[in-house]
Amino acid sequence: MELRHLRYFIALAGSLNFTRAAERVHVTQSTLSHQIRQLEDEVGQPLFDRIGKRVVMTEAGGVFLAYATRALREIDQGLGELKTSPASMSGVVRVGATHTFNLGFIPECIAVFLSRNATVKVVVEELSADAIATRLDAGELDMGVAYRPEQRSDLRFEPLFNEELVLVVASSHPLAARKRIRMIELHREPLVLLPQSFSTRRLLDECFAAAGAEPNVVAEMNTIAAMLGVVARIQVGAIVAANALGQMTGLAVVPMENPTPLRTPGLLFKEDRPQTRAVRAFAALLRKTAMASTSRPKTYSTEAEPVKASSGAGKRARPAVSAGRTKAPRARPEAA
């Protein structure tokens, strides 16, 4: 079935006369008749009854007309938007994002988006995943950037990429020089983790159980920044997404394996709420940026504390560590 079939069908339904319908869509009457027969063959039943020179729509034709009209209207609106100049785009895009994405991913996307769409305003709120879902329900956000919410089938979740969780320790920590670490090696290791109310913590607990390890959770904190602040001060570790470190120095990143904890971030939308052109454009940019970032070779790099020396020495940096694939089975991704 092609668009012309729908256009010819709607034209004939509107006039119930092959001659006038053919004139309306600028084809010959024989062409129109042939195309209508093709459409009827595809749907498997007649859409019109031909009674002498009269044309009458069948019951099936009446049912199909409502859907064909709506589909063609949506397509025509979409084509119209594509032909509209980007300069004419306006409005507000309201985004809820969890902390990790607000560090680099969202600012990068906003900078690119505003440089192309100066007449659009972007409002971003840093929220928990549960708060994002609640605000989407209330119509206070247009989209969310977070992890898949648990037990929420009424929100549409669109995966963007898979994200590894890594061990983060101070650069003076005994594990800081490791290139990789197995989760079993974290048995009884002092860690500061998210509380068990977070699905990321539940994911980690499943990974530890699968590895036969039981970490020594010395503290639970509900923000990544606070966790990393503790890690920078004492000899404990934290397990977070690598990009959560931001500009913090003096920390070392150690990839984990057997199993490697994985989460899947994505876009969240209220299923039944229509999206404005600006919202669709910003969502498209998020997808493109995520695709570009996952296509780059993955490396982990950390930066140690600046060296205080009169010789003007720069900063010492730990070597970048490749995050190559592990042969161990990976844990299933979960929401955060």
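Structure first, text after, so check above.
Residues numbered from 1 in each chain as written. Predicted model: local features only at pLDDT ≥ 70, side-chain atom pairs only at ≥ 80, totals over all residues. Heavy atoms only, no water.

Caption draft 1: How the structure looks around the packing of aromatic side chains. Counted under the stated rule, the structure contains 6 aromatic pairs. Ring centres 5.5 Å apart and planes at 55 degrees place the aromatic pair Phe 9 and Phe 48 in the tilted group. Taken together, the residues Phe 9 in helix H1 (residues 3–15) and Phe 48 in strand S1 (residues 48–51) connect sequence positions 39 residues apart. Each member of the pair, Phe 9 as well as Phe 48, is classed as buried. Grouped by ring-pair contacts, the aromatic residues Phe 101, Phe 105, Tyr 147 and Phe 161 constitute a single cluster. (Phe/Tyr/Trp six-rings, centres within 6.5 Å; stacked < 30°, edge-to-face > 60°. Helix = DSSP H or I, 4+ residues; strand = E, 2+ residues; numbered from the N terminus. Buried < 20%, exposed > 50% of the residue type's maximum accessible area, 1.4 Å probe, protein only.)

Caption draft 2: Just the pattern of salt bridges, in detail. In total, this model carries 15 salt bridges according to the counting rule given. In this structure, Glu 140 engages Arg 135 in a salt bridge whose closest nitrogen and oxygen atoms are separated by 2.4 Å. Note on Arg 135: relative accessible area 21%, which makes it partly exposed. In this structure, the salt-bridge partner of Arg 263 is Glu 163, at a minimum N-O distance of 2.9 Å. Note that Arg 263 is positioned in strand S13 (residues 262–263) and Glu 163 in strand S7 (residues 163–170), a separation of 100 residues in sequence. Glu 163 matches Arg 263 in its accessibility class, with the two residues each being buried. Put simply, Arg 156, Glu 158, Glu 271 and Arg 287 are held in one network by salt bridges that share partners. (Salt bridge = Lys/Arg side-chain N within 4 Å of Asp/Glu carboxyl O.)

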